[in-house]
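Secondary and tertiary structure notes
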Amino acid sequence: PYLIEQRNPVPYYVVDCDIASYLYLAVGEIMKYPLAIVQMPLHNFIRWKLPRGGYIDFETMDGKETDDHYYEALWGIPKSFLGTPGVLTTMNDSQLLAYEYFGVAISYTWKNDIPTAIAKYKKAISVDATLSDSENNLAWLFAVVPEEKFRDGQKAISYAQSAVKIFPNGDWLDTLGCAYGTAGKFAEGVAAENRAKEAGWAPAGSDIQGDLNLLNR
């Protein structure tokens, strides 16, 4: 906040991890550098692919070389999740395009434009469904969106099940539990929340116990 106050009224620009990674990727494409964006829960960074195999990770937020062990330790990633799609995996072109639609969908959710958000999530899934972010977010939207006319427990369950098949972490299982609750299937919801507790990793910090308590009422 102090820095922002000092910069006024001069324009300034802020980027987060995904925008910064896209900027690096764009420069790399022009310069023919072997760069790729890496996906992990709630974060992205750049990976430089070496000609004889292997790679170098580069953290765009800190401007420094890193490696996978850095992210494993900082994000507390269990070994059992390594290699799961979206956990320190390099994104291909179709995944990148789908991820862009995913980001656009989030922005429309912030604007409370639910129909457009739903359409963008569905577009992301149609482009590439090998990552589970859009399925999970769409399931969560159908489960808990404030406007009841958009709420749909059965659709929430379907999308959440698809997400969990790809990435069975505690957050996604919590979404599935809430989806069952929205559909009135409380026993199934309790079972999903118990699976979430046993998953061993909830990178987004979902309130699994709180949701379990609600389903047990």
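Below or above, wherever it landed, is the structure these notes cover. Here the structure is a predicted model, which means the values were calculated and not measured. (Residues numbered from 1 in each chain as written. Predicted model: local features only at pLDDT ≥ 70, side-chain atom pairs only at ≥ 80, totals over all residues. Heavy atoms only, no water.)

**Details of the packing of aromatic side chains**
The full count for this structure, using the stated rule, is twelve aromatic pairs. Taking the centre distance of 5.3 Å and the plane angle of 55 degrees together, the rings of Phe81 and Trp201 count as tilted. One end of the pair, Phe81, is in the loop between helix 3 (68-75) and strand 5 (89-90); the other, Trp201, is in the loop between helix 9 (186-198) and helix 10 (208-215), with 120 residues separating them in the sequence. The class for Phe81 is buried, based on a relative accessible area of 6%. (Phe/Tyr/Trp six-rings, centres within 6.5 Å; stacked < 30°, edge-to-face > 60°. Helix = DSSP H or I, 4+ residues; strand = E, 2+ residues; numbered from the N terminus. Buried < 20%, exposed > 50% of the residue type's maximum accessible area, 1.4 Å probe, protein only.)

**Regarding the environment of Asn92**
Looking at the secondary structure, you find Asn92 in the loop between strand 5 and helix 4 (93-110). Through-space distance from the C-alpha of Asn92 to that of Asp128 is 9.9 Å; in sequence the pair is 36 residues apart. Here Ser94 takes part through its side chain, which lies 3.0 Å from a polar atom of the side chain of Asn92. A distance of 2.8 Å separates a polar atom in the side chain of Asn92 from the backbone nitrogen of Gln95. (Polar contact = N/O pair within 3.5 Å; in protein donor to acceptor, adjacent residues only side chain to side chain.)

**Thoughts on the packing of helix 7 (residues 153-166) against helix 8 (residues 170-182)**
Running from N to C, helix 7 and helix 8 cross one another at 160 degrees; their axes reach a closest spacing of 8 Å. Relative to helix 8, the element helix 7 is oriented roughly antiparallel. Classified by chirality, the crossing of helix 8 by helix 7 is left-handed. The residues of helix 8 that touch helix 7, namely those facing Gly153, Ala156, Ile157, Ala160, Gln161, Ala163 and Val164, are Trp172, Leu173, Thr175, Leu176, Ala179, Tyr180 and Thr182. Taken together, the residues of the contact of helix 7 with helix 8 break down into ten nonpolar, four polar and no charged. (Axes fitted to C-alpha atoms, helices over the stretch in contact; angles between N-to-C directions. Parallel < 35°, antiparallel > 145°, perpendicular 65-115°, else oblique. Left-handed = near helix turned anticlockwise from the far one by under 90°. Contact = heavy atoms within 4.5 Å. Nonpolar A, V, L, I, M, F, W, Y, C, P; charged D, E, K, R; others polar.)

**Some details on the side chain of Glu193**
With respect to the helices and strands, Glu193 occurs in helix 9. For Glu193, which is buried and forms no salt bridge, the nearest opposite charge comes from Lys197, at a distance of 8.9 Å. Glu193 has contacts with Asp174, Gly177, Cys178, Ile208, Asp211, Leu212 and Leu215, leaving out every residue within four places of it along the chain. (Lys, Arg positive; Asp, Glu negative; His and termini not counted. Salt bridge = Lys/Arg side-chain N within 4 Å of Asp/Glu carboxyl O.)

**A short note on the environment of Gln209**
Residue placement: Gln209 occurs in helix 10. For Gln209, a relative accessible area of 36% corresponds to the partly exposed category. As for Gln209 and Ser158, which are separated by 51 residues in sequence, their C-alpha atoms are 23 Å apart.

**What about the environment of Gly28?**
Position of Gly28 among the secondary structure elements: in helix 2 (residues 17-31). Taking the relative accessible area as the measure of exposure, Gly28 reaches 1% and is therefore buried. Considering only alpha carbons, one finds Gly28 and Trp48, 20 residues apart in sequence, at a separation of 9.6 Å. Beyond its immediate chain neighbours, meaning those up to four positions away, Gly28 contacts Tyr33 and Leu35.

**Considerations on unusual backbone geometry**
Backbone geometry places Lys32, a non-glycine residue, at a positive phi of 65 degrees. Residue placement: Lys32 occurs in the loop between helix 2 and strand 1 (35-40). Phi angles above zero are rare outside glycine, and Leu88 is one such case at about 65 degrees. Within the secondary structure layout, Leu88 lies in the loop between helix 3 and strand 5.

**Describing the pattern of salt bridges**
With the rule as written, the count across this model stands at three salt bridges. Residue Glu72 is joined to Lys79 by a salt bridge in which the shortest nitrogen-to-oxygen separation is 3.0 Å. Classification of Lys79 by relative accessible area gives exposed; the value is 59%.

**Some details on the nonpolar core**
Ranked by size, the top nonpolar core spans 46 residues in total, and within it Ile77, Ile118, Leu141 and Leu176 carry the most contacts. Look past the residues within four positions of Ile77 in its chain and what remains in contact with it is Met40, Tyr71, Glu72, Leu82, Val87, Leu88 and Trp201. (Core = buried A, V, L, I, M, F, W, Y, C linked by side-chain atoms within 4.5 Å.)

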